[in-house]
Amino acid sequence: MTFHPRATLATRHPPCSLTHAADPDEMVFEGDVLALRPALAAFARRLTRQECEAEDLVQDTVLRALVAQHCFTAGTNLKAWLFTIMRNSFNTRWRRSQREVLTGPELIELAMTTPATQEGTLWARQVIEQLLHHLSPAHREILILVPVQGVSYEDAARLCNCSVGTVKSRLNRARAALVALTGAEEHG
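Residues numbered from 1 in each chain as written. Predicted model: local features only at pLDDT ≥ 70, side-chain atom pairs only at ≥ 80, totals over all residues. Heavy atoms only, no water.

Even without being glycine, Arg 49 reaches a positive phi, approximately 65 degrees. On the secondary structure map, Arg 49 appears in the loop between α3 (37-48) and α4 (51-67). Backbone geometry places Asn 161, a non-glycine residue, at a positive phi of 60 degrees. Its location among the elements puts Asn 161 in the loop between α9 (153-160) and α10 (164-182). Note on Asn 161: relative accessible area 70%, which makes it exposed. (Helix = DSSP H or I, 4+ residues; strand = E, 2+ residues; numbered from the N terminus. Buried < 20%, exposed > 50% of the residue type's maximum accessible area, 1.4 Å probe, protein only.)

Summed over all chains, the structure comprises zero disulfides. The cysteine Cys 160 is free of any disulfide, with Cys 162 supplying the nearest cysteine sulfur at 5.1 Å. (Disulfide = S-S within 2.5 Å.)

This next bit is on the nonpolar core. Residues Trp 81, Met 86 and Leu 145 are the most contacted members of the largest nonpolar core, which totals 39 residues. Contributing elements (two or more residues each) for this core: α2 (24-35), α3, α4, α5 (78-99), α8 (137-148), α9 and α10. When residues of this core are assigned to their parent elements, the largest contribution, eight residues, is made by α5. (Core = buried A, V, L, I, M, F, W, Y, C linked by side-chain atoms within 4.5 Å.)

Tracing the backbone through its elements, the reader meets Asn 91 in helix α5. Sequence-wise, Asn 91 and Ala 138 are 47 residues apart; in three dimensions their C-alpha atoms are separated by 9.6 Å.

Applying the stated criterion to the full structure yields four aromatic pairs. Each ring, one from Phe 29 and one from Phe 72, has its centre 5.8 Å from the other, and the planes form 50 degrees; the classification is tilted. Of this pair, Phe 29 sits in helix α2 while Phe 72 is found in the loop between α4 and α5, placing the two residues 43 residues apart along the sequence. In this structure Phe 72 comes out as buried when scored by relative accessible area, which is 17%. Centre to centre, the rings of Phe 72 and Trp 81 are 5.1 Å apart; their planes meet at 55 degrees, and the pair counts as tilted. Here Phe 72 and Trp 81 have matching classes, each one buried. An aromatic cluster of at least three residues, connected via ring pairs, comprises Phe 29, Phe 72 and Trp 81. (Phe/Tyr/Trp six-rings, centres within 6.5 Å; stacked < 30°, edge-to-face > 60°.)

Confidence in the prediction for the protein averages 78 pLDDT; 72% of positions are at 70 or higher. Segment residues 1-19: pLDDT under 50, and 16 contacts once partners within four positions in sequence are set aside and those in other chains are kept. (pLDDT = per-residue confidence, 0-100. Contact = heavy atoms within 4.5 Å.)

At a minimum axis distance of 8 Å, the contact between α9 and α10 shows a crossing angle of 95 degrees. Accordingly, the angle class assigned to the pair α9 and α10 is roughly perpendicular. Across from Tyr 153, Glu 154, Ala 156, Ala 157 and Cys 160 in α9, the residues of α10 making contact are Val 164, Val 167, Lys 168, Arg 170 and Leu 171. (Axes fitted to C-alpha atoms, helices over the stretch in contact; angles between N-to-C directions. Parallel < 35°, antiparallel > 145°, perpendicular 65-115°, else oblique.)

This part takes up the pattern of salt bridges. Here the structure, examined in full by the defined rule, presents six salt bridges. Across the salt bridge formed by Glu 55 and Arg 37, the nearest N and O atoms sit 2.4 Å from each other. Taken together, the positions of Glu 55 in helix α4 and Arg 37 in helix α3 put the pair 18 residues apart, joining distant regions of the chain. Glu 55 gets classed as partly exposed once you look at its relative accessible area, which sits at 28%. Among the residues examined, Arg 37 registers a relative accessible area of 28% and is labelled partly exposed. The residue Asp 60 makes a salt bridge to Arg 64 at a minimum N-O spacing of 3.0 Å. (Salt bridge = Lys/Arg side-chain N within 4 Å of Asp/Glu carboxyl O.)

Here is the structure:
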């Protein structure tokens, strides 16, 4: 029998369906979650740096949100709640991937992959992705949340489960790390 993480979710929680919501509140919640899908996709792309993994992360986040709808407090920030679910899922996946060992065929497949040769924005995107890859997950997350997504320090602090001062400190350290990675001198 093959282990499938979504199967364990279904066995622990009652099934959710986007088409069979009987309660009007459930339908409103589902609509609100789906309306935030573009923001979730953008955040997922920044975290994973790969389109297929980003889509999987978005689907996993939406599924988890629908299953855990009863945990959401109406009137609070749904976007922040969804970003927290996504961040936790990403961190869990990342920790698991650090423990995985690639086998022969997977190593061969990775070696055969060649980057695209397009100019312009693709090159810049690749450079930025490489720079972000060298940052810790906490620093990468703060750079994505605050400057890229435009999340306030207070909301970022709630999402990261830390104080506003910690967010500012991480952001400062992340910017300094980017400066060090690019070899640019810091202009005060």
